[in-house]
Each structure stands twice: as C-alpha cells, then as structure tokens.
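# Descriptive structure summary
Read off the chains here:
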Amino acid sequence: MSDETGTPDTPAGSPGGAALSGGPRPEPLRFFGTSWVHHDNGYAARRAGVAVGSLAAAVVSCLVLRFAYDGIRIADTGSFVTVLVIAMFAICSALAFRNTWDGFGKRHDPQRQASLRGLLAIGFVGSLLAYFFRSLTEAPGEKLHRAEYEKAREEHERRTTRRTGNPSKKKRRR
C-alpha cells in the first residue's frame, strides 16, 4: 500500500520505515493518515467527523437491532429466546467496547483477535461507541502511535548521532 508520496506504508521504526530525511515515519491512522502527528491537514475536522460518524452509525445500528427485536417478538419465540438474544448483544457489545478501547493503548495479539472476531462482530455497537468516546479526546489510537513514533525517533537519533573527534587521539588520564 502507498500513501500520497508514493512511498510504502511502514510502521514507525520498522525496517524501510525511513523517510527522505532519514528518520522513521509515523504510521497512518484510519481516517487520519499522518495528520495526527502535528494536528494539521484538517485533523480537528476529521476528529469531529469520526465522532459524528461513529455515533450516527451506532444509532442506526441500534435501530436495526430494534427491528430484529421486533421480529423476534412478532415470531413469538418466547421470553427465553428474547432474553437470550438481548443478553448476547449486550454482553458482546460490552466486550467489544472493552477490546476496542484497550486496542487504543496497546497492540493486540493477532491470534487472540482472530479468535474474538465473531464476538466482536456481534458486539459492533460497542466498538462504534468506543470510537465515538475516544475521538472526543484524540484520534483513536493516537496515543499508542505517538508513543511508538517518539520511541522510534529517539532510537534513530541515538543511532545517527555522531561522535566528534577521533577517539584514538583522546588523552588518557593516569
């Protein structure tokens, strides 16, 4: 995949992740690209758009779930099935919210994410709400990406800092 400059997208500090200036490049965030680094290129408008969009998607999703609930009620499947479906969506949404929220602060294990894929799909409303609440304070995932980017920049700075003078000509103290 390539960004606007035609260079490959690589996470900060990864091999081949050096920009033209020789340093690591920030990893782009969904909906934000790399505007989160300096809060430029419409960062505030993007954050507002993500907040409004995720909240609107959550509301529409709840309306769809309401239609599903009405369908179950009309089908007269009984109170046990109705309670079971409501509990399933509530629990899965809570777990999806927590998982998504935690993902903004640390990288998830890919195998664990793969095993949770079905549960997270059922609890999609929780993920949408996590995006909404996080976008009120920052771009979702910005804190994690900023920490990784700053660490990569510091490591790059340490690797590229040159010593002055010839160390073999140093005067030794006796």
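Now for a quick tour of the structure. The structure presented is a predicted model; accordingly, all values stated were derived computationally and were not measured. Along each chain, numbering runs from 1 in the same order as the chain's sequence is written. Two thresholds apply to this predicted model, a pLDDT of at least 70 for residue-level local features and 80 or more for giving and counting side-chain atom pairs, whereas whole-chain, interface and lining totals are computed over all residues. Side-chain calculation: all heavy atoms of the structure are included, whereas hydrogens and water are not.

Direction vectors running N to C along helix H1 (residues 43-75) and helix H5 (residues 124-135) enclose 155°, while the axes themselves pass 8 Å from each other. The orientation of H1 with respect to H5, classified from their angle, is roughly antiparallel. Crossing angle aside, the handedness with which H1 passes H5 is left-handed. In contact with Arg47, Val50, Ala51, Ser54, Leu55, Ala57, Ala58, Ser61, Cys62 and Leu65 of H1, H5 contributes Phe124, Val125, Leu128, Leu129, Tyr131, Phe132 and Ser135. Each residue receives one of three labels: charged for Asp, Glu, Lys and Arg, nonpolar for Ala, Val, Leu, Ile, Met, Phe, Trp, Tyr, Cys and Pro, and polar for the others, Gly being one of them. Grouping the constituent residues of the contact of H1 with H5 by class yields 13 nonpolar, 3 polar and 1 charged. Between the N-to-C directions of two axes lies an angle of 0 to 180 degrees, each axis being a line fitted to C-alpha atoms and, for a helix, fitted only over the stretch in contact. By definition, any uninterrupted DSSP run of H or I lasting at least four residues is a helix, any uninterrupted run of E lasting at least two residues is a strand, and each is numbered from the N terminus. Relative orientations are named as follows: roughly parallel for angles under 35 degrees, roughly antiparallel for angles over 145 degrees, roughly perpendicular for angles from 65 to 115 degrees, and oblique for any other angle. A clockwise turn of the near helix away from the far one marks a right-handed crossing, whereas an anticlockwise turn of less than a right angle marks a left-handed crossing. Any two residues whose heavy atoms approach within 4.5 Å are treated as being in contact.

For the rest of this paragraph, the subject is the environment of Arg30. If you trace the backbone, Arg30 turns up in the segment before H1. Only protein chains enter the accessibility calculation, which uses a 1.4 Å probe; a residue whose area is less than 20% of its type maximum is buried, one above 50% is exposed, and one in between is partly exposed. Relative accessible area serves as the criterion here: at 60%, Arg30 is assigned to the exposed category. Sequence separation of Arg30 and Gly141 is 111 residues, and the distance between their C-alpha atoms is 9.1 Å.

Let us look at the pattern of salt bridges. Each reported salt bridge corresponds to a side-chain nitrogen of Lys or Arg within 4 Å of a carboxyl oxygen of Asp or Glu. Within the structure shown, the criterion is met by 8 salt bridges. The shortest N-O distance in the salt bridge between Asp70 and Arg73 comes to 3.4 Å. Here Arg73 and Asp70 lie together in helix H1, a separation of 3 residues that amounts to about one turn. The exposure class of Asp70 is buried, given its relative accessible area of 17%. For Arg73, a relative accessible area of 49% translates into the label partly exposed. Several salt bridges converge on common partners, so that one network encompasses Glu27, Arg107 and Glu148.

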